[in-house]
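Topology and contacts: notes
The residues making up each chain are set out below.
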Amino acid sequence: MGFYTTLLLLLPSLVAAGKPSTQGCCFGTSTLKHGEVALSLPSCCLSLVCENGLIQKHFVGGPGASQCCEFDGLMYQNGSKLVAQCIPLVCVGGAWTPTQKIEECCKHCYLYNDPHIKTFDGYYYNWNGLCNYSLAQSDFSYTPEVGVYSTFQFCKGHASCLSQTTFKDNAHTVITIDCSSTTFDVIVNGDKYTVPQTGVANVQSSQGAQPVLTWRETDCIYFLGSSKLVIQHCPGRLHIWAYPSHTNHLDGLCGHFNFYEVDDFTDRHQHVYPLQSFPLAFPESWRTRHQVNTHCLHCNGCDAQTAVDPCQPAPLKEDLAQCQSLMNPIIGRDVELEPHVEACAWDLCMMRSTGATASQMSDWLIQLQIILQQIKLIFARTRDSWVPHGPPSSGTCSPGSSWMTNCNNCSCTSTGTLAACTKLLCILGYKHPLGTNSCKDGSWWMKDECNWCECVRGGAICTYSSCTASDSPLVPVCPFLACQANCTKTWNPDTGCSTCFCPTDNGPVTGIADPPIAPCLPIDCPRTCQVVVSAATNCPTCNCDCPIDPSTYLPLCPQDCSIIYTKNPETGCEECICDPEYQDYHPKSTLVYNCQDNELSCPEDCERVRNKDTGCVDCVCQ
């Protein structure tokens, strides 16, 4: 006899043993209030509920139903959606499954790195405190029923980074996350708990299941609570989503949540401070009484409205230009992400002040780009029905894709190979303008041998793996291939490599490629020659018979034409062709290659700027 069958047979005796009372029910060693769930059995869609002193059976979907899901004492049928939450979940075969959608009616607060903060109502500011602060709580007291708290520690010299975060979903559920941990272990009501590797689970402690659902997504952890707050914790950043029911009842470093930005800096005593980039009195008012460091129990000089910007002097113009060139192509049409550019320049300023090396700063810039990408994807999940693509299995780009590399446009052929890119000479510090497309939505392309990019809302979302073709599962390592005389070389879309296409008496078949030949030797061609692939050896060689412009050593191009290059399959030479779409974007362009850009010297207080009419670089003076 199964456990559930035995339990149902014993139910009448349990009810009798419970001594029915209008005040509640006894169930085992517990005393339940009216309406409280004694036990949930999602596999058979059954709940045992205390009603007027009696334990009553409640079925969802009628007797015989199965594969239900449970959350916060309520049962949901298979296929039902958990609504009134910022991330809807669907019950699939008795298990909750998160959707890619984030409800737009919810508001989103996040902080990252050292730290830069965006409030629920959309204001960006910086805070470098070194204590424990309330990020969002349900009232102005020191003991709110619901709250999210974070402790910060030193990083990058004068700045501070996340150290530990605590999520109080209700009076009986407190979850603590160590931000320096590389595991998925958290502390729930004092007990260690590991977030499962796959699927959505109820958070557990020694007291049993808690009304919080959790799951992993890459290196991030989600917590969805009965409080209608959702927390996403990732390395270097923290996100909080609040359901509209929290309007006017949520305060802290994430601001006063009421869809109105001006009063975001409401302190614990309900005093409203003016908005500014480096506040002091407002965030310091949100110190908690639970502090790890004793110096945080008192705050001398914290009544000043403004904190001192530790980046002195201001970020260099070169740093700002570098951040613009790296981040604007990611931002695309999401112009409200522009504050990330200034935050990037500020980070570089802080790193310079602490003597960071060029390599350390380069690594940090990559991390900033990854963080910006992840936040942009959150924007896409909130506003669009966006679903991420998996890694490409073959080819170098998606047919029909187009994107920009610096100031040059690239496109993809119908066979999934790179068609051509323009070869404009980009000016130093070129930045793609905000609010326009860096690429065509839905496009993807390989940016090197093992990393790829996808275009979302006009911005490029790319991977940053440190790998080579030999250890990349995405792009095959193709052998050098020599086909027999009666065979032709073609591209195999299943492998991404070349193959031999050989005719037979019974029709054409794809033959087996010959064994790889010896690796090609490096070559160094004169400037007046082009590198082509020899049909005999399948290796690069020098072709000095290709027509070129002697002043630029580039293929000859007609005037008033784009500079899209393609290879002539018969000669192997690069040739210039006219792209009919180019004139739509650059109707006045006349492409000239003998501009002598490198020889142009501009006076002080002047800037080298490309002239869109001539294609050359001119001096523009104030």
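Calculation criteria
Residues numbered from 1 in each chain as written. Predicted model: local features only at pLDDT ≥ 70, side-chain atom pairs only at ≥ 80, totals over all residues. Heavy atoms only, no water. Axes fitted to C-alpha atoms, helices over the stretch in contact; angles between N-to-C directions. Helix = DSSP H or I, 4+ residues; strand = E, 2+ residues; numbered from the N terminus. Parallel < 35°, antiparallel > 145°, perpendicular 65-115°, else oblique. Left-handed = near helix turned anticlockwise from the far one by under 90°. Contact = heavy atoms within 4.5 Å. Nonpolar A, V, L, I, M, F, W, Y, C, P; charged D, E, K, R; others polar. Salt bridge = Lys/Arg side-chain N within 4 Å of Asp/Glu carboxyl O. Buried < 20%, exposed > 50% of the residue type's maximum accessible area, 1.4 Å probe, protein only. Disulfide = S-S within 2.5 Å. Pairing = 2+ DSSP bridges.

Let us now look at the packing of helix α4 (residues 339-353) against helix α5 (residues 358-383). Where α4 contacts α5, the axes come no closer than 11 Å and their chain directions differ by 155°. With respect to their mutual orientation, α4 and α5 come out roughly antiparallel. The chirality of how α4 crosses α5 is right-handed. Here H340, C344, D347, L348, M351 and R352 of α4 come into contact with α5, specifically with Q360, M361, W364, L365, L368, L372 and I375. Looking at the contact of α4 with α5 residue by residue, the classes come out as nine nonpolar, two polar and two charged.

Moving on: the pattern of salt bridges. Applying the stated criterion across every chain, the model contains ten salt bridges. A salt bridge links R333 to D441, with the shortest nitrogen-to-oxygen separation between them at 2.8 Å. Remark: D441 occurs in the loop between β27 (418-421) and β28 (444-446) and R333 occurs in the loop between α3 (317-331) and α4; sequence separation between them is 108 residues. Classification of R333 as partly exposed rests on a relative accessible area of 32%. Where R457 meets D384, a salt bridge forms, and the shortest distance between an N and an O atom there is 3.0 Å. With R457 in the loop between β29 (452-456) and β30 (459-462) and D384 in the loop between α5 and β25 (402-405), the pair connects residues that are 73 residues apart, well separated along the chain. A relative accessible area of 29% means that D384 is categorised as partly exposed. Through salt bridges with shared partners, a single network forms among D334, E336, K376, R383, D384 and R457.

Attention now moves to the state of the cysteines. Across all of its chains, the model carries 14 disulfides by this definition. In this model C439 forms its disulfide with C455; the gap between the sulfur atoms is 2.0 Å. Every disulfide takes its handedness from the sign of the S-S torsion; for C439 and C455 that torsion is 85°, giving right-handed. Here C439 is found in the loop between β27 and β28, whereas its partner C455 is found in strand β29, with 16 residues between them in sequence. With respect to burial, C439 and C455 carry one shared label: buried. Just so you know, C26 is unpaired, no disulfide at all, and the nearest cysteine sulfur is the one on C25, 7.8 Å from it. With no disulfide partner, C179 has as its closest neighbouring cysteine sulfur the one in C161, 9.9 Å distant.

Turning next to the pairing of strand β9 (residues 89-92). Burial of β9 is one-sided: the residues L89 and C91 facing one way are buried, the residues V90 and V92 facing the other way are not. Bridge count between strand β8 (residues 81-82) and β9: two bridges; the pairing is antiparallel. Bridge pairing in β9 links K81 to V90. The turn linking β8 back onto β9 is made up of six residues, and A84 within it adopts a positive phi angle of 55°. Of the pairings in the sheet, the one linking β9 to strand β10 (residues 95-98) comprises four bridges and is antiparallel in character. Opposite C91, over in β10, you have W96 as the bridge partner. Taking the residues that link successive antiparallel strands as the turn, the β9-β10 hairpin has two residues, and the phi of G93 there is positive, at about 60°.

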